[in-house]
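Observations on the model geometry
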2 protein chains.
Amino acid sequence: MEIKVLHQVMAWNDDVSAEVRQTLRQHKVCLVNVMGSPGAGKTTLLTALIERLRQEFAIGVIEGDITGQIDAEKIAALGIPAVQLNTDGACHIEAMSIQHILPQFDLDALDVLFVENIGNLVCPAEFDIGENFRLTVLSIPEGDDKVAKYPLMFTDTDCLALTKCDTLPYFDFDLDRVAADYRGVNPGAPLFETAARTSAGVDELSAHLAGRIRAALA
Amino acid sequence: MEIKVLHQVMAWNDDVSAEVRQTLRQHKVCLVNVMGSPGAGKTTLLTALIERLRQEFAIGVIEGDITGQIDAEKIAALGIPAVQLNTDGACHIEAMSIQHILPQFDLDALDVLFVENIGNLVCPAEFDIGENFRLTVLSIPEGDDKVAKYPLMFTDTDCLALTKCDTLPYFDFDLDRVAADYRGVNPGAPLFETAARTSAGVDELSAHLAGRIRAALA
């Protein structure tokens with residue numbers, strides 16, 4: 001599948017995320033903003049989720065990266081429409097770039113558009129890109145102090161997925177500490193313990209997302 | 001040991017990194033800028049390096065974090081002067097903040113000042129904070145595509161330390177790929193394979209840094 005590579009538009013205005021949201025609502029597309037550190041396993045988790053969610057929903061993906069198209073190639077290999085957004089150095093995605101990319105998709109043929117944001121636990125959380133909801137990804141090897149040290153990414157999200165939980169035996173990671181810190185900054189938001197390699201927890205996360213997508217499309 | 005918590009000064013000018021560099025040269029202090037993703041193991045590696053380098057050098061540390069003082073507490077527990085810099089949301093450290101913090105240290109009593117930058121593989125690489133040299137940290141669990149996807153952090157550095165190499169058996173990580181990508185963007189720069197938990201490679205990295213510090217102080 002051919003991969004389109006687009007570059008981030010840095011012009012910006014406050015109204016763009018609302019315009020993106022309106023366009024997506026007109027076409028009945030749910031936008032999911034996936035965020036987390038470099039190497040947290042966002043693409044791998046997304047691949048596992050797509051395998052499950054594609055049974056019910058027509059899916060497209062915008063892969064955000066500083067440079068290159070490594071991740072878009074992985075998604076395109078699944079037969080899923082994927083556009084690579086290169087920010088050319090910028091550390092996050094802005095709504096203007098999403099607006100610029102939407103015409104690359106046949107929106108009427110889509111139910112869900114996943115945006116995999118730049119690997120960064122700080123800046124992406126500050127930017128509304130027109131999403132219906134946010135999924136934050138935190139991997140076990142990153143350590144159990146991350147909610148305390150990078151609170152905004154865990155406060156301004158709708159769902160937290162812990163990834164690489166099959167590596168818990170090899171790291172000094174206190175699940176209870178993370179769960180407590182997360183509840184402290186984001187009471188009531190769900191947390192899923194997953195491992196894409198063993199599929200642990202992926203069905204549960206997928207079912208939760210399916211429920212939110214249905215609600216967004218209703 | 002009491003920990004001072006300072007907040008990032010966001011005013012900025014082009015001359016500040018040069019001023020910081022001049023101040024440090026006057027006091028014969030070498031500034032080392034340590035950068036890498038959240039959870040790459042910067043603080044743990046720094047702790048292991050301090051244990052070795054303190055035999056020869058008087059060391060101080062500036063711990064950069066969005067919020068909190070978790071890392072400065074770890075450094076202060078070693079009996080090392082540590083100042084916590086909270087950026088209050090900002091994703092990198094700027095030279096103005098370093099200039100603002102330097103008076104918190106007795107510079108004439110120091111040889112080396114380590115700055116642990118915000119956990120972020122993107123933005124910190126863009127900002128000269130007046131350092132003599134840069135140490136970039138990449139952990140095995142982050143994956144072997146990071147040099148390709150976040151090139152500036154590996155291009156504009158003086159030394160790369162791979163961390164958590166004791167976890168190589170548990171991850172699909174191609175050391176040769178990372179080494180080749182790194183050589184491609186930064187020919188001749190050294191790469192060390194380390195594991196703080198087993199001490200593998202830490203002596204070698206420490207010896208390399210000691211040589212660079214001596215050269216900077218000469």
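Residues numbered from 1 in each chain as written. Chains lettered and ligands numbered in written order. Predicted model: local features only at pLDDT ≥ 70, side-chain atom pairs only at ≥ 80, totals over all residues. Heavy atoms only, no water.

An unreviewed UniProt entry lists chain A under the name Hydrogenase nickel incorporation protein HypB, with Candidatus Gemmiger excrementipullorum given as the organism.

1. Concerning the overall build of chain A
Tallying secondary structure elements over chain A gives eight helices and eight strands in all. At 16 Å, chain A has a C-alpha radius of gyration in line with the 17 Å of a compact globule built from 218 residues. Considering chain A as a whole, with its 218 residues, one finds that 58% of them fall into the buried category. Contacts in chain A between residues at least 24 apart in sequence constitute 76% of all its contacts with a sequence separation of at least 6. Total accessible area computed for chain A in this model is approximately 8,200 Å², and 49% of it derives from carbon and sulfur atoms. Each charge class in chain A can be summarised by its mean position, and for the 17 positive and 32 negative side chains these summaries are 3 Å apart. (Helix = DSSP H or I, 4+ residues; strand = E, 2+ residues; numbered from the N terminus. Rg over C-alpha atoms; globule rule 2.2 N^0.38 Å. Buried < 20%, exposed > 50% of the residue type's maximum accessible area, 1.4 Å probe, protein only. Contact = heavy atoms within 4.5 Å. Areas by Shrake-Rupley, 256 points an atom, 1.4 Å probe, with all protein chains shown as cover. Lys, Arg positive; Asp, Glu negative; His and termini not counted. Charge placed at Lys NZ, Arg CZ, Asp CG, Glu CD.)

2. With respect to the relation of the copies chain A and chain B
Superposition of the two copies of the chain requires a rotation about an axis together with a shift along that axis. Turning chain A through 180 degrees and shifting it by 0.0 Å along the axis lays it on chain B, with an RMSD of 0.0 Å. Put plainly, the chains are arranged around a two-fold axis. By residue overlap, the copies meet face to face through one surface: 100% of the interface positions of chain A are interface positions in chain B. (Least-squares fit on C-alpha atoms with pLDDT ≥ 70 in both.)

3. Some details on the side chain of Asp145(B)
Its place among the elements puts Asp145(B) in the loop between β6 (133-139) and α5 (146-149). You can call Asp145(B) buried: its relative accessible area is 8%. If we skip the residues at most four places from it in the chain, Asp145(B) touches Ile70(A), Asp71(A), Lys74(A) and Arg177(B).

4. Structural notes on helix α7 (residues 175-185) of chain B
Because each turn of an α-helix spans 3.6 residues, side chains separated by three or four positions in sequence point in the same direction. Residue and element names in this part refer to chain B. Every buried residue belonging to α7 is among Val 178, Ala 179 and Tyr 182, and all of these are buried. Looking straight down α7, one finds that the buried residues subtend no more than 100 degrees of arc, so they occupy a single side. In α7, those exposed residues whose orientation departs by more than 90 degrees from the buried face are Asp 176 and Gly 184. Elements that come into contact with the buried residues of α7 comprise β6, α5, α6 (151-155), β7 (159-163) and β8 (191-193). (Arc of directions from axis to C-beta.)

5. Concerning the environment of Val178(A)
Residues and elements named next belong to chain A. The residue Val 178 is located in helix α7 (residues 175-185) in this model. Through-space distance from the C-alpha of Val 178 to that of Lys 164 is 15 Å; in sequence the pair is 14 residues apart. The contact partners of Val 178, leaving out residues within four places of it in the chain, are Leu 138, Asp 144, Val 147, Leu 162 and Phe 173.

6. Observations regarding the confidence of the model for chain A
For chain A, per-residue confidence averages 94 on the pLDDT scale, and residues scoring 70 or more make up 94% of the total. Our summary of model confidence lists the complex with pTM equal to 0.92 and ipTM equal to 0.89. (pLDDT = per-residue confidence, 0-100.)

7. Points about the pairing of strand β3 (residues 59-65) of chain B
Residues and elements named next belong to chain B. Counting buried residues along β3, seven of its seven residues qualify, which places the element largely inside the surrounding structure. Sheet topology places β3 next to strand β5 (residues 112-116); five bridges connect them, and they run parallel. Residue Glu 63 lies in a different strand from β5, and its bridge partner there is Glu 116. Bridge analysis of β3 against strand β4 (residues 82-86) gives five bridges, and the strand direction is parallel. Residue pairing for β4: Ile 62 is matched across the bridge by Val 83. (Pairing = 2+ DSSP bridges.)

8. With respect to the packing of helix α2 (residues 42-53) of chain B against helix α8 (residues 202-217) of chain B
Residues and elements named next belong to chain B. Contact geometry for α2 and α8: axes closest at 10 Å, N-to-C directions at 65 degrees. Between α2 and α8, the angle is such that the two are roughly perpendicular. Of the two possible hands of crossing, α2 and α8 adopt the one that is right-handed. Here α2 contributes Leu 45, Ala 48, Leu 49, Arg 52 and Leu 53 to the contact with α8, which in turn contributes Val 202, Asp 203, Leu 205, Ser 206, Leu 209, Ala 210 and Ile 213. (Axes fitted to C-alpha atoms, helices over the stretch in contact; angles between N-to-C directions. Parallel < 35°, antiparallel > 145°, perpendicular 65-115°, else oblique. Left-handed = near helix turned anticlockwise from the far one by under 90°.)

9. Thoughts on the nonpolar core
Counting 84 residues, the largest nonpolar core has Ile98(A), Phe154(A), Ile98(B) and Phe154(B) as the members making the most contacts within it. If sequence neighbours within four positions are ignored, Phe154(A) has contacts with Leu121(A), Thr136(A), Leu138(A), Lys146(A), Val147(A), Leu160(A), Tyr182(A), Val185(A) and Asn186(A). (Core = buried A, V, L, I, M, F, W, Y, C linked by side-chain atoms within 4.5 Å.)

10. Some thoughts on helix α8 (residues 202-217) of chain A
All names here are of chain A. Across its 16 residues, α8 extends 22 Å between first and last C-alpha, which sits within 8% of the 22 Å expected from 1.5 Å per residue. Within α8, the full set of buried residues consists of Val 202, Leu 205, Ser 206, Leu 209, Ala 210 and Ile 213. Seen end-on, α8 carries its buried residues on one side only, within an arc spanning 140 degrees. Looking at the buried positions of α8, the neighbouring elements they touch are β2 (30-36), α2 (42-53), β5 (112-116), β6 (133-139), β7 (159-163) and β8 (191-193). (Expected span 1.5 Å × (residues − 1).)

11. Some points on unusual backbone geometry
The phi dihedral of Lys28(A) is positive, around 55 degrees, even though this residue is not glycine. Tracing the chain through its elements places Lys28(A) in the loop between α1 (16-26) and β2. Residue Lys164(B) is not a glycine yet carries a positive backbone phi of 60 degrees. When you line up the elements, Lys164(B) lands in the loop between β7 and α7. Residue Lys164(B) is classed as buried on the basis of its relative accessible area, which comes to 16%.

12. Quick word on the interface of chain A and chain B
Listed per partner, the contact involves 33 residues of chain A and 33 residues of chain B. The junction of chain A with chain B conceals about 2,400 Å² of combined surface from both sides, 60% of it contributed by carbon and sulfur atoms. Considering only the surface of chain A that becomes buried against chain B, Pro38(A), Lys149(A) and Tyr170(A) emerge as the three largest contributors, covering 24% of it. Where chain A packs against chain B, one counts four salt bridges. For Lys149(B), the salt bridge is made with Asp65(A), and the minimal N-O distance between the two is 3.9 Å. The tally of links between chain A and chain B comes to eight residue pairs in polar contact (both at pLDDT 80 or more). Of the residues assigned to the side of chain A that touches chain B, the class counts are 15 nonpolar, seven polar and 11 charged. (Buried area = accessible area lost by both parts, 1.4 Å probe. Salt bridge = Lys/Arg side-chain N within 4 Å of Asp/Glu carboxyl O. Polar contact = N/O pair within 3.5 Å; in protein donor to acceptor, adjacent residues only side chain to side chain. Nonpolar A, V, L, I, M, F, W, Y, C, P; charged D, E, K, R; others polar.)

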